[in-house]
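Chain residues, written in single-letter form:
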Amino acid sequence: MNGERASGGERPSGEVRTADRARASGGARFDLPEVDAFTRPYWDAAAEGRLLIRHCAGCDRAHHYPREFCPHCWSEDVRWRPASGHATLYTWSVVHRNDLPPFGERVPYVAAVVDLAEGPRMMTEVVECEDDALRIGMGLEVTFRAGVPVFRPRSGAVPPPSSAAPPPSSAAPPPSSAVPPPSSAVPPPSSASSSASKTSS
């Protein structure tokens, strides 16, 4: 019965588990990282408003999420390096329901995947942008919320509303050009009767 409402107004078991987890959290937040010794430089930099990524000296390529080895060439000669903070939007989804705190207070929000300028692809959130203004490939820049990197449109990346749709007059030609006048489609009655009289004679 996971996909249906149970009798008596009960919620599906999946929803109950999610709600129970939120209640059992005791006020815990699910949007903050669990920092360990390896990822601490990343989160310390984010708390200062800087985005770091891992860069491999062996193949000169960056990667994300952070790993202790290069996923491209398997080298362990990998270091933290500052990222430009620029990205383009690869895809997104507008989330309308999330029972885990504090996401329930933020809905609807935009969960997204972005392509960093350095190459890696990153899961994140897009902020400060209306849903209908989102476009694949639009330019983004990093910003930080409670020490967590999120992205917002770069200046000039969101088109003005007037450019999103052409005016109605340019979408369709005027009716007069689409349908010929009746006189050109049907010959006048006089020409038809004249032909008939000549044939009968």
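Everything discussed here concerns the structure shown above.
Residues numbered from 1 in each chain as written. Predicted model: local features only at pLDDT ≥ 70, side-chain atom pairs only at ≥ 80, totals over all residues. Heavy atoms only, no water.

Focus: the side chain of His64
The condition is simple: Numbering of helices and strands starts at the N terminus; helices are DSSP runs of H or I of at least 4 residues and strands are runs of E of at least 2. By definition in these notes, contact holds between two residues if any of their heavy atoms fall within 4.5 Å.
Relative to the helices and strands, His64 resides in the loop between β2 (61-63) and β3 (78-82). Setting aside chain neighbours within four positions, we find His64 in contact with Tyr42, Ile53, Pro120, Arg121 and Met122.

Quick word on the state of the cysteines
The line we're drawing: By disulfide we mean two sulfur atoms from cysteines, separated by a distance within 2.5 Å.
Considering all chains together, one arrives at zero disulfides under this definition. Summary of cysteine pairing: Cys70 is not part of a disulfide, and the nearest cysteine sulfur, belonging to Cys59, is at 3.6 Å.

Some thoughts on the layout of surface pockets
The line we're drawing: Cavities and pockets were defined on a 1 Å grid built from protein atoms only: a cavity is a group of points that admits a 1.4 Å probe but offers it no way out, a pocket is an open group of points flanked by protein on both sides within 12 Å along at least five of seven lines, and a lining residue is one with an atom within 4 Å of any such point. Grid points are joined across faces, edges and corners, and a volume is the space filled by probe spheres set on the points. When residues are sorted by character, Ala, Val, Leu, Ile, Met, Phe, Trp, Tyr, Cys and Pro go into the nonpolar class, Asp, Glu, Lys and Arg into the charged class, and all the rest, Gly among them, into the polar class.
Taken as a whole, the largest pocket spans an internal volume of roughly 600 Å³. Along the walls of the largest pocket sit 26 residues, with Asp31, Trp43, Met123, Thr124 and Val148 positioned nearest its centre. Elements supplying a minimum of two residues to the lining of the largest pocket: α2 (40-47), β5 (109-116), β6 (121-126) and β8 (148-153). The biggest single contributor to the lining of the largest pocket is β5, with five residues. Residue composition of the lining of the largest pocket, grouped by class: 17 nonpolar, three polar and six charged.

Comments concerning the sheet that holds β2
Going by this rule: Two strands pair if DSSP finds at least two bridges between them. Axis lines are fitted through C-alpha atoms, for helices just across the contact stretch, and the angle between N-to-C directions can take any value from 0 to 180 degrees.
With respect to topology, three strands assemble into an open sheet ordered β2-β1-β3, the strand pairing being antiparallel. Looking at strand neighbours, the two that pair on one side only are β2 and β3, the edges of this open sheet. Averaged over all pairs of adjacent strands, the angle between strand axes in this sheet comes to 40 degrees, irrespective of strand direction. Where strand β1 (residues 52-56) and β3 come together, five bridges link them in antiparallel fashion. Opposite Leu52, over in β3, you have Pro82 as the bridge partner.

Structural notes on the nonpolar core
For soluble globular proteins, nonpolar side chains are generally found buried alongside one another. This is how it is decided: The definition of a nonpolar core used throughout is a set of buried Ala, Val, Leu, Ile, Met, Phe, Trp, Tyr and Cys residues joined through side-chain atoms within 4.5 Å. Classification of residues uses two cut-offs on accessible area relative to the type maximum, computed with a 1.4 Å probe and protein chains only: under 20% is buried, over 50% is exposed, and between them is partly exposed.
By size, the foremost hydrophobic cluster in this structure holds 22 residues, and its most contacted members are Leu51, Leu89, Val114, Leu116, Val126 and Phe151. When residues of this core are traced back to their parent elements, those giving at least two are α2, β1, β4 (86-95), β5, β6 and β7 (139-145). Among the elements that take part in this core, β5 stands out by supplying four residues, more than any other. Sequence-distant contacts of Leu89, defined by excluding residues within four places in its chain, comprise Ala112, Val113, Val114, Val126, Leu134, Arg135, Ile136, Gly137, Met138 and Leu140.

Here we look at the pattern of salt bridges
Definition in use: One side-chain nitrogen of Lys or Arg within 4 Å of one carboxyl oxygen of Asp or Glu is enough to make a salt bridge.
Within this structure, the stated rule accounts for nine salt bridges. Notably, a salt bridge pairs Asp31 with Arg106, separated by 2.7 Å at the nearest N-O pair. Note that Asp31 is positioned in the loop between α1 (13-24) and α2 and Arg106 in the loop between β4 and β5, a separation of 75 residues in sequence. According to the relative accessible area criterion, Asp31 is buried, its value standing at 14%. Its salt-bridge partner being Glu125, residue Arg145 comes within 2.6 Å of it at the nearest N-O pair. Of this pair, Arg145 sits in strand β7 while Glu125 sits in strand β6, and the two are 20 residues apart along the sequence. What makes Arg145 partly exposed here is its relative accessible area of 30%.

Description of the packing of aromatic side chains
This is how the line gets drawn: Put simply, two rings from Phe, Tyr or Trp (the six-membered ring, in Trp's case) pair if the centres are within 6.5 Å, and we call them stacked under 30 degrees between planes, edge-to-face over 60, tilted for the rest. Charge over a ring is defined by NZ of Lys or CZ of Arg lying within 6 Å of the ring centre and within 35 degrees of the ring normal.
Taken as a whole and judged by the stated rule, the model has five aromatic pairs. Here Phe69 and Trp74 contribute two aromatic rings whose centre-to-centre distance is 5.3 Å and whose plane-to-plane angle is 10 degrees, an arrangement assigned as stacked. What makes Trp74 exposed here is its relative accessible area of 62%. Above the face of the Trp80 ring, Arg54 is positioned so that its terminal group lies 4.8 Å from the ring centre. In this structure, Arg121 packs its charged tip against the face of Tyr90, placed 3.5 Å from the ring centre.

Quick word on the side chain of Thr124
Here is the rule: Polar contacts here mean pairs of N or O atoms no more than 3.5 Å apart (in protein, one a potential hydrogen donor and the other a potential acceptor; neighbouring residues in sequence count only if both atoms are side-chain atoms).
Inspection of the secondary structure puts Thr124 in strand β6. A distance of 3.4 Å separates the side chain of Thr124 from the backbone oxygen of Pro149, its partner in a polar contact. Apart from the residues lying within four places of it in its own chain, the contact partners of Thr124 are Val110, Ala111, Ala112, Val114, Pro149, Val150 and Phe151.

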